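Breakdown of the fold
Residue strings, one per chain:
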Amino acid sequence: MKFHVIVGRGAAASKTALLLAEDGERVRMISRTGGGPEHPLIEKVAADATDTDRLTQLTEGATTLFTTAAPPYHTWPEQFPIISASLLTAVRRTGVAYVMLGNLYAYGPVDGPIKPDFPLAATGPKGRARALVWEEAAASGVKVTEVRAGQFYGAGAFSVFSLMVQRQVLDGRLALVPQELDLPHSYSAIGDTARTLVAAGRDEQAYGRAWHAPTSTLSVRELAGRLAELAGAPKPRMEEMTERDLALLAFTEPFWAELHEVLTKPGHPFVVDYSETEKILGVGATPVDDVLQEMI
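Read on for an overview of the structure. Note that the coordinates shown come from a computational prediction; the quantities given were computed from them, not determined experimentally.

So, about the pairing of strand β1 (residues 3-7). Within β1, five of the five residues are buried, leaving the element largely enclosed by the surrounding structure. On β1, burial covers both faces: Phe3, Val5 and Val7 on one face and His4 and Ile6 on the other are all buried. Pairing geometry for β1 and strand β2 (residues 26-31), over five bridges, is parallel. The residue of β2 that forms the bridge with His4 is Val27.

As structure tokens, this is what we get:
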């Protein structure tokens, strides 16, 4: 029986663990809280990923180490190097295959559809932190691949859409959104992201490069409208947040100050090309309504 280790316990980690377990493969989930889904083949362990010796011990004998872990948003530049160094050391010590979940920040501002071979040209601290994690792993000589996802949506997602649109729409309240309401934007479903992680981990040709999780591209107003229609909620009321709104909120919570770096350029759609993932790894995008219905 194959054995895999997953570092993290969020929606993507949990869905990945369930996909593997449902295929009859044993999974050990590692997080500080020891959380995760219930399944006879899923073992949940409370441990800190920065404890390299403990992480190494827990990874011994595994086929694949998946990591979906990320530190608090505003601490990425300081904390990501620490976490990633520990993970990479454990991978080196055990010889396990390494599958990383990343995002699209590392590319920086891009015109046109983003492809996985685009240069990692981000200059902001969060984008550079994500780029360095991949660059160091790719240059280390270990067997590694990265799946880069867009903004998450779907059951269990934690994102701008889930935090600032989903509940407000379902409750019939005004949604204030820090992005342009009618520009095309690529969203990654949690389930599609997990399926891409599993497919990349199993395919030898996936290693040594990055892949894009499948996305569905529509404006946030369109996505909110489809959510409301499926849920029988009122037509969404939405407004774009201003720079002043974000500046004021930054006094109350560090998260808000961090959004400036990753907001898309005004007037520019944010579109992802995942055609290679579909063609080579065989993973496509789940229809938007199916994802939203599961979420509801």
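One number sums up the size of the second largest pocket: a volume of about 210 Å³. Lining the second largest pocket are 13 residues, and of these Lys15, Ala155, Ile190, Gly191 and Glu294 lie nearest its centre. Counting residues per element, the ones that place at least two in the lining of the second largest pocket are α1 (11-22), α6 (190-202) and α11 (288-295). Residue contributions to the lining of the second largest pocket peak at three residues, all from α6.

Here the focus is the packing of helix α5 (residues 160-171) against helix α7 (residues 220-231). Relative to each other, α5 and α7 sit at 40 degrees, their axes nearing to 9 Å. When the interaxial angle is binned, α5 and α7 end up oblique. In the crossing of α5 with α7, the sense of the turn from one axis to the other is right-handed. Across the interface between the two elements, Phe161, Val165, Gln166, Val169 and Leu170 of α5 pack against Val220, Leu223, Ala224, Leu227, Ala228 and Ala231 of α7. Each residue belonging to the contact of α5 with α7 can be placed in one class, and the counts come to 10 nonpolar, one polar and no charged.

Taken in spatial order, the three strands line up as β7-β9-β11 in an open sheet, and their pairing is mixed. Each having just a single partner strand, β7 (151-153) and β11 (216-218) make up the two edges of the open sheet. The mean angle between the axes of side-by-side strands here comes to 45 degrees, regardless of whether they run parallel or antiparallel. Here three bridges tie strand β9 (residues 185-189) to β11, and the two strands are oriented antiparallel to one another. Considered in β11, the bridge of Ser186 is made with Thr217.

The nonpolar side chains of a soluble globular protein tend to be buried, and buried together. Judged by nonpolar contacts, the single largest core of 42 residues is most densely connected at Val5, Val7, Leu65, Leu87, Tyr98, Met100 and Val144. By residue number, the principal contributor to this core is helix α3 (residues 76-94), which donates seven residues. Each residue touching Val144, except ones within four places of it in the same chain, is listed here: Tyr98, Met100, Trp134, Ala137, Ala138, Tyr207, Gly208 and Arg209. Ala12, Val27, Ala149 and Ala213 belong to the second largest nonpolar core, which has 30 residues in total.

Cut-offs used in this document
Residues numbered from 1 in each chain as written. Predicted model: local features only at pLDDT ≥ 70, side-chain atom pairs only at ≥ 80, totals over all residues. Heavy atoms only, no water. Buried < 20%, exposed > 50% of the residue type's maximum accessible area, 1.4 Å probe, protein only. Helix = DSSP H or I, 4+ residues; strand = E, 2+ residues; numbered from the N terminus. Pairing = 2+ DSSP bridges. 1 Å grid on protein atoms, 1.4 Å probe; cavity = no way out; pocket = protein on both sides within 12 Å on 5 of 7 lines; lining within 4 Å. Points joined across faces, edges and corners; volume = space filled by probe spheres on them. Axes fitted to C-alpha atoms, helices over the stretch in contact; angles between N-to-C directions. Parallel < 35°, antiparallel > 145°, perpendicular 65-115°, else oblique. Left-handed = near helix turned anticlockwise from the far one by under 90°. Contact = heavy atoms within 4.5 Å. Nonpolar A, V, L, I, M, F, W, Y, C, P; charged D, E, K, R; others polar. Core = buried A, V, L, I, M, F, W, Y, C linked by side-chain atoms within 4.5 Å.

In short, the description is geometric, and any link to function would need to be established separately.
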